[in-house]
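Here are the chains, one letter per residue:
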Amino acid sequence: MKAQQQKGLDSLVYRARVHENNAIDEAIREPRFVSLYWTFGTHGASLQSSITRKGEDDSGQLSGEDQRALVSRYGLVDLFAGPVERTLWDIKSQR
């Protein structure tokens, strides 16, 4: 995604730490991070997510079973909507 941004693809990338929902898991599990990728274009907008541990590459494809486990544990689902009615510049400039 980052390489595509340099070629002019309209997108936003956000990365943040994911905290577990209970103190035991928070203490014993390795920290995980969520990366969210918003892509804008004539096709509409898409939102894709990836959860990885520190230092892991998020470019790999997950198996169906692994993807279902992530959806079950964290509630993340990739979304597609369109077409875009506002420009990315308009969205970014609002506060």
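Quick note: structure is the one above.
The following refers to the structure shown.

Criteria and thresholds
Residues numbered from 1 in each chain as written. Predicted model: local features only at pLDDT ≥ 70, side-chain atom pairs only at ≥ 80, totals over all residues. Heavy atoms only, no water. Helix = DSSP H or I, 4+ residues; strand = E, 2+ residues; numbered from the N terminus. Buried < 20%, exposed > 50% of the residue type's maximum accessible area, 1.4 Å probe, protein only. Contact = heavy atoms within 4.5 Å. Areas by Shrake-Rupley, 256 points an atom, 1.4 Å probe, with all protein chains shown as cover. Core = buried A, V, L, I, M, F, W, Y, C linked by side-chain atoms within 4.5 Å. 1 Å grid on protein atoms, 1.4 Å probe; cavity = no way out; pocket = protein on both sides within 12 Å on 5 of 7 lines; lining within 4 Å. Points joined across faces, edges and corners; volume = space filled by probe spheres on them. Nonpolar A, V, L, I, M, F, W, Y, C, P; charged D, E, K, R; others polar. Pairing = 2+ DSSP bridges. Salt bridge = Lys/Arg side-chain N within 4 Å of Asp/Glu carboxyl O. Polar contact = N/O pair within 3.5 Å; in protein donor to acceptor, adjacent residues only side chain to side chain.

Here's the deal with the overall build of the protein chain
Along the backbone of the protein chain there are four helices and four strands. Counting the 95 residues in the protein chain, one finds 23% classified as buried. Of the contacts formed within the protein chain by residues at least 6 apart in sequence, a portion of 45% connects residues at least 24 apart. Carbon and sulfur atoms provide 52% of the accessible area of the protein chain, an area that totals close to 7300 Å².

Points about the nonpolar core
Of all hydrophobic cores here, the largest spans eight residues; its members are Ala16, Val18, Val34, Leu36, Leu47, Ile51, Leu70 and Tyr74. Counting residues per element, the ones that place at least two in this core are strand E1 (10–18), strand E2 (32–41), strand E3 (44–53) and helix H3 (64–74). Sequence-distant contacts of Val18, that is, excluding residues within four places in its chain, are made with Arg32, Phe33, Val34 and Tyr74.

A closer look at empty space enclosed by the protein
Evaluated as defined, the whole model comprises two cavities of 30 Å³ or more. Roughly 40 Å³ of volume is contained in the second largest cavity. As for the second largest cavity, its lining consists of Arg17, Val18, Glu20, Asp25, Glu26, Arg29, Glu30, Pro31 and Arg32. Where the lining of the second largest cavity is concerned, the elements lending two or more residues are E1 and helix H2 (23–28). Taken together, the residues of the lining of the second largest cavity break down into two nonpolar, no polar and seven charged.

What about the environment of Arg73?
Tracing the backbone through its elements, the reader meets Arg73 in helix H3. By relative accessible area, Arg73 is classed as partly exposed at 38%. Sequence separation of Arg73 and Glu20 is 53 residues, and the distance between their C-alpha atoms is 9.5 Å. Discounting residues that sit within four places of it in the chain, Arg73 has contacts with Glu20, Asp25 and Arg29.

Looking at the pairing of E3
Of the pairings in the sheet, the one linking E2 to E3 comprises ten bridges and is antiparallel in character. In the sheet register, Arg32 faces E3, and the bridge partner there is Arg53. Linking E2 to E3, which pair antiparallel, is a turn of two residues.

A few points about the pattern of salt bridges
Enumeration over the complete set of coordinates arrives at two salt bridges. For Glu20, the salt bridge goes to Arg29, with nearest N and O atoms at 3.4 Å. Classification of Arg29 as partly exposed rests on a relative accessible area of 25%.

Some details on the environment of Arg29
Among the secondary structure elements, Arg29 is positioned in the loop between H2 and E2. Considering only alpha carbons, one finds Arg29 and His19, ten residues apart in sequence, at a separation of 9.7 Å. Non-local contacts of Arg29, meaning those with residues more than four positions away in its chain, are made with Glu20, Arg73 and Tyr74. Side-chain polar atoms of Arg29 contact the side chain of Glu20, separated by 3.4 Å.

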